[in-house]
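What follows is the residue order along each chain.
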Amino acid sequence: MDGWKDEHRKERVVKNEVAYREHNQRRAEFERGAVQADDAVPFVCECGMPDCAAGIVVSVGAWEEVHADPDRFVIRDGHQFPEYERVVEALGEYLVVEKVESVGERATT
């Protein structure tokens, strides 16, 4: 039963992260024509916490660079799940995390 709970929790974390990323993708598309690639804009934390609504300020260019890899997400420091992801970069108020197990197919669908 614990294995099921762990797998269910991992799936919930991934679904939350993907939903936040999709929201941010729409934001990036909207901002792309209005700002320069290095202009900072507000995005939503892409962590797996279901009730997180924290904002992060990232340039559109940096956000797009992170998401060139479908297994990477932009989150606030302290919102990481070490059992599912590893920190690959710490950039001020936000972190770039990468899934320990690839979720690329789920993250891009």
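As shown above, the structure is provided for reference.
Predicted model only: the values in this text are computed from it and were never measured.

Criteria and thresholds
- Residues numbered from 1 in each chain as written.
- Predicted model: local features only at pLDDT ≥ 70, side-chain atom pairs only at ≥ 80, totals over all residues.
- Heavy atoms only, no water.
- Helix = DSSP H or I, 4+ residues; strand = E, 2+ residues; numbered from the N terminus.
- Buried < 20%, exposed > 50% of the residue type's maximum accessible area, 1.4 Å probe, protein only.
- Contact = heavy atoms within 4.5 Å.
- Areas by Shrake-Rupley, 256 points an atom, 1.4 Å probe, with all protein chains shown as cover.
- Salt bridge = Lys/Arg side-chain N within 4 Å of Asp/Glu carboxyl O.
- Pairing = 2+ DSSP bridges.
- Axes fitted to C-alpha atoms, helices over the stretch in contact; angles between N-to-C directions.

**Regarding the overall build of the protein**
- From N to C terminus, the protein includes 3 helices and 5 strands.
- Beginning at the N terminus, the succession of helices and strands in the protein can be written as α-β-β-α-β-β-β-α.
- Sorting the 109 residues of the protein into buried and exposed places 40% on the buried side.
- In the protein, the proportion of contacts linking residues at least 24 apart, taken out of those at least 6 apart, comes to 51%.
- Carbon and sulfur atoms provide 51% of the accessible area of the protein, an area that totals close to 6300 Å².

**Looking at the environment of A19**
- Within the fold, A19 resides in helix α1 (residues 2–32).
- Sequence spacing of A19 and C47 is 28 residues, and the spatial spacing of their C-alpha atoms is 9.8 Å.

**What about the pattern of salt bridges?**
- All chains considered together, the criterion is met by 8 salt bridges.
- The salt bridge partner of E17 is K99, with a shortest N-O separation of 2.6 Å. Taken together, the residues E17 in helix α1 and K99 in strand β5 (residues 94–99) connect sequence positions 82 residues apart.
- Residue classification places E17 among the buried positions, given a relative accessible area of 0%.
- The salt bridge involving R72 is made with E98; its shortest N-O contact spans 3.1 Å. With R72 in strand β3 (residues 72–76) and E98 in strand β5, the pair connects residues that are 26 residues apart, well separated along the chain.
- On the basis of relative accessibility, which here comes to 13%, the residue E98 falls in the buried class.
- Here the residues in one salt-bridge network are D69, R72, R86 and E98, joined through shared partners.

**Here we look at the sheet that holds β5**
- The sheet built from 3 strands is open, its strands ordered β3-β5-β4 with antiparallel pairing. If you trace the sheet from one side to the other, it starts and ends with β3 and β4 (85–91), each paired once. With direction set aside, neighbouring strand axes in the sheet form an average angle of 30°.
- Bridging between β4 and β5 involves 6 bridges; their strand directions are antiparallel. Paired with L91 across the strands is Y94, a residue of β5.

Remember, this is a structural readout, not a statement about activity or role.
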